[in-house]
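Listed below are the residues making up each chain.
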Amino acid sequence: MAERKDYYRILGVDRNATQEEIKKAYRQKVKEWHPDRHRENKEQAEQKFKEIQEAYEVLSNPEKRKLYDNLGFVPDESTAYAGSGQRGSSTGDIFEDFFGNGFGMGEHISDIFDTFFGTGGGRSRSSRKNFAREKGDDIHVAVTLKLEEILYDVKKVIEYTRYEECSHCNGTGAENGNSFETCPRCNGNGVIREEQKSFFGSFVRTYTCPTCNGVGKIISRRCSYCAGSGKVTKRERIEVTIPAGVPDNYTMKVRGKGNAGKYGGPYGDLIIQVRVLPDERFIRKGSDLETEISISYLKAVLGGTIKIPTLEGYIEEKIPEGTNPGTVLRFRNIGLPELGGGKRGDLYVRINVIINKPSRKEKKNSEAITRRNTC
Ligand SMILES: [Zn+2]
Ligand SMILES: [Zn+2]
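This is a predicted model, so every value here is computed, not measured.

Undergrad: Help me out: how do you make sense of the overall build of the protein in this one?
TA: Of the regular secondary structure elements, the protein holds eight helices and 15 strands. Scored against the burial criterion, the 375 residues of the protein give a buried share of 40%. Looking at the protein alone, contacts between residues at least 24 apart form 66% of all its contacts between residues at least 6 apart. Summing over all exposed atoms, the protein offers an accessible surface of approximately 21900 Å²; the carbon and sulfur share of this is 47%.

This is the structure we're talking about:
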């Protein structure tokens, strides 16, 4: 049955102590009340020791702690301590780390724990996972180019911020990359076994340890450089060459220039989307360009020199007498290059004729011509 014990007092911590503080207090108490240090009053020490375990088991588990805070005890179903002899999955590794080296009692530690906790310990590690390495996220950036910029390969400098792997902890988030300890909740097994008693009998529920996500270890000290994230932000500046003739919405990928992965996983990529701005003078059709120019009807009738826009400035061109509206002139090899700088396309120029109100002199002359033609 659940007794009403003050777990906070047993561990000597505040009611709003952090997990870190609870863990610290627990280690302290365990050291203090280890039965091996109390040979003269062993029974009392063992009792204390059990209480400390029990308190820690509850307070280190956020769900149980919440129940305990609310109810003042933890209902049987939710604690592995319900009944007797169900202490199997406690604390072995943490103690080995702890006492094994520092106290000169390494050898018989495990015996003590066996007597304490029975042999249901289930220390098999087969189900333990490793910290899953994950590829980092890709970073997307856009580069905008004017049409005339894509005549040739163009170099662009891209500045952006990304996460780099923290070099202090090699991306692990643990101080110096090695400040791990056995997960106190699952004792390094990565799974938790809970015996549940119900009306129909008792059964064992096994599930992945939520504290360590099945890894079996947790970070004991967070990396001081990255605060445990394993990543640091860095301003990045890279130069990329965008190929001549690039189409709008073209995507380029720079491998490994995205965000750092998780637990030493590979970096993501930098994805560059190239936008080619529309040009008010030209319509782009693949590597060909289309444009329109307007000339006066007199020029259309008499012929003459016209100025044609190209991506490299204006060119002058003669048109013959009697050029009809809608005439399309083709200029070879002054369009856009094919992607990567191949052969250039053509420029098509459509001639519009503006019919404006004639001047008095033009009117007189035109009337004279018209009269002559109709006679
Ligand atoms: Zn765990
Ligand atoms: Zn770090």
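After presenting the structure, the write-up continues.
Undergrad: Sorry if this is basic, but what is going on with the coordination of the zinc ion (ligand 1) here?
TA: The textbook angles at a metal center are 109.5 degrees for a tetrahedron of four donors and 90 or 180 degrees for an octahedron of six. At the metal site, the zinc ion (ligand 1) is ligated by Cys 183 (SG), Cys 186 (SG), Cys 209 (SG) and Cys 212 (SG), and these contacts range over 2.2 to 2.3 Å. With four donor atoms in place around the zinc ion (ligand 1) and angles of 104 to 114 degrees between them, the coordination shape is tetrahedral. Every donor residue of the zinc ion (ligand 1) comes from the same chain, spaced as C-x2-C-x22-C-x2-C. Of this pair, Cys 186 sits in the loop between β3 (180-182) and β4 (191-198) while Cys 209 is found in the loop between β5 (201-208) and β6 (217-219), placing the two residues 23 residues apart along the sequence. Take Cys 186: its relative accessible area is 1%, and that puts it in the buried class. Of the residues examined, Cys 209 reaches a relative accessible area of 0% and is grouped as buried.

Undergrad: Would you explain the packing of aromatic side chains in this entry?
TA: Two descriptors summarise a pair of aromatic rings, namely the distance from one centre to the other and the angle between the planes of the rings. For the structure shown, the criterion picks out one aromatic pair. Stacked on the ring of Tyr 163, the Lys or Arg Lys 231 has its end atom at 5.5 Å from the ring centre. A cation sits over an aromatic face here: Lys 307 above Tyr 314, 5.2 Å from the ring centre.

Undergrad: Would you mind showing me how to read the side chain of Asn 61 here?
TA: Position of Asn 61 among the secondary structure elements: in the loop between α3 (42-59) and α4 (62-71). A distance of 2.9 Å separates a polar side-chain atom of Asn 61 from the backbone nitrogen of Glu 63.

Undergrad: What is the right way to look at the pattern of salt bridges in this model?
TA: Side chains that carry opposite charge are capable of pairing whenever their charged atoms lie near each other. Inspection of the entire model under this criterion finds 21 salt bridges. Across the salt bridge formed by Arg 205 and Glu 194, the nearest N and O atoms sit 3.7 Å from each other. Pair noted here: Arg 205 is in strand β5 and Glu 194 is in strand β4, with a separation of 11 residues, a long-range link. Of the charged contacts in the structure, one is a salt bridge between Glu 236 and Lys 257, with a shortest N-O distance of 3.4 Å. Highlighted residues: Glu 236 in strand β7 (residues 231-242) and Lys 257 in the loop between β8 (250-254) and β9 (270-276), separated in sequence by 21 residues. On the accessibility criterion, Glu 236 (7% relative accessible area) is buried.

Undergrad: Looking at this structure, I do not really get the sheet that holds strand β15 (residues 347-354). What am I missing?
TA: Taken together, the four strands give an open sheet; going across it, the order is β10-β11-β15-β14, and neighbouring strands pair in mixed fashion. Looking at the sheet topology across the chains shown, the edges are occupied by β10 (283-285) and β14 (328-331). In this sheet, neighbouring strand axes are inclined to one another by 30 degrees on average, regardless of whether the strands run parallel or antiparallel. As paired elements, β10 and strand β11 (residues 288-296) share three bridges and run antiparallel to each other. Looking at β11, one finds that Lys 285 is bridged to Asp 288.

Undergrad: I would appreciate a short explanation of the sheet that holds β8 in the present structure.
TA: Backbone-to-backbone hydrogen bonds join strands into a sheet, with any given pair of strands oriented parallel or antiparallel. Here we have three strands laid out as an open sheet, ordered β1-β9-β8, and mixed in their pairing. In this open sheet, the two edge strands, each paired with only one partner strand, are β1 (139-145) and β8. Between one strand axis and the next, the sheet turns by 25 degrees as a mean value, whatever way the strands run. Of the pairings in the sheet, the one linking β8 to β9 comprises five bridges and is antiparallel in character. Its bridge partner being in β9, Val 254 is matched across the sheet by Leu 270.

Undergrad: I keep staring at the coordination of the zinc ion (ligand 2) and nothing clicks. Help me out?
TA: For the zinc ion (ligand 2), the full set of protein donor atoms is Cys 166 (SG), Cys 169 (SG), Cys 223 (SG) and Cys 226 (SG), and the range of their distances to it is 2.3 Å. Considering all four donor atoms around the zinc ion (ligand 2), the spread of angles at the metal, 103 to 116 degrees, places the coordination shape in the tetrahedral class. Read in sequence order, the donor residues coordinating the zinc ion (ligand 2) give the pattern C-x2-C-x53-C-x2-C. Of this pair, Cys 166 sits in the loop between β2 (154-165) and β3 while Cys 226 is found in the loop between β6 and β7, placing the two residues 60 residues apart along the sequence. In this structure, Cys 166 and Cys 226 share a single accessibility class: buried.

Undergrad: Could you clarify how one ought to interpret the packing of helix α2 (residues 19-32) against α3 in this entry?
TA: What describes two packed helices is the angle between their axes and the distance between those same axes. It is at 10 Å that the axes of α2 and α3 come closest, and there the two elements cross at 170 degrees. One element, α2, and the other, α3, form an angle in the roughly antiparallel class. Residue-level inspection shows Gln 19, Ile 22, Lys 23, Tyr 26, Lys 29 and Val 30 of α2 in contact with α3, the latter providing Phe 49, Ile 52, Gln 53, Tyr 56 and Leu 59. Counted by class, the contact of α2 with α3 contains seven nonpolar, two polar and two charged residues.

Undergrad: What exactly am I supposed to notice about the nonpolar core here?
TA: In terms of nonpolar packing, the biggest core is built from 35 residues, with Leu 145, Leu 147, Ile 158, Ile 242, Ile 272 and Ile 295 touching the most fellow members. Elements supplying a minimum of two residues to this core: β1, β2, β7, β9, β11, α7 (297-302), β12 (304-310) and β15. Once residues lying within four places of it in the same chain are set aside, the contact partners of Leu 145 are Ile 150, Val 154, Lys 156, Ile 242, Val 246, Val 274, Arg 275, Val 276 and Leu 277. The next biggest cluster of nonpolar side chains, apart from the first, holds 20 residues, and it includes Ile 10, Ile 22, Tyr 56 and Val 74.

Undergrad: Looking at this structure, I do not really get unusual backbone geometry. What am I missing?
TA: Across residues other than glycine, the phi torsion is negative in most instances, and most of the peptide bonds are trans. Phi angles above zero are rare outside glycine, and Asn 170 is one such case at about 55 degrees. Structurally, Asn 170 is set in the loop between β2 and β3. Here Asn 170 falls in the partly exposed class, since its relative accessible area comes to 47%. The backbone of Asn 249 shows a phi angle near 65 degrees, a positive value even though the residue is not glycine. Its relative accessible area of 40% is what places Asn 249 among the partly exposed residues.

Cut-offs applied
- Residues numbered from 1 in each chain as written.
- Chains lettered and ligands numbered in written order.
- Predicted model: local features only at pLDDT ≥ 70, side-chain atom pairs only at ≥ 80, totals over all residues.
- Heavy atoms only, no water.
- Helix = DSSP H or I, 4+ residues; strand = E, 2+ residues; numbered from the N terminus.
- Buried < 20%, exposed > 50% of the residue type's maximum accessible area, 1.4 Å probe, protein only.
- Contact = heavy atoms within 4.5 Å.
- Areas by Shrake-Rupley, 256 points an atom, 1.4 Å probe, with all protein chains shown as cover.
- Donors = N, O, S within 2.8 Å, 3.2 Å for Na, K, Ca; no water.
- Tetrahedral: all angles 85-135°; square planar, octahedral: opposite > 155°, others 65-115°.
- Phe/Tyr/Trp six-rings, centres within 6.5 Å; stacked < 30°, edge-to-face > 60°.
- Lys NZ or Arg CZ within 6 Å of the ring centre and 35° of its normal.
- Polar contact = N/O pair within 3.5 Å; in protein donor to acceptor, adjacent residues only side chain to side chain.
- Salt bridge = Lys/Arg side-chain N within 4 Å of Asp/Glu carboxyl O.
- Pairing = 2+ DSSP bridges.
- Axes fitted to C-alpha atoms, helices over the stretch in contact; angles between N-to-C directions.
- Parallel < 35°, antiparallel > 145°, perpendicular 65-115°, else oblique.
- Nonpolar A, V, L, I, M, F, W, Y, C, P; charged D, E, K, R; others polar.
- Core = buried A, V, L, I, M, F, W, Y, C linked by side-chain atoms within 4.5 Å.

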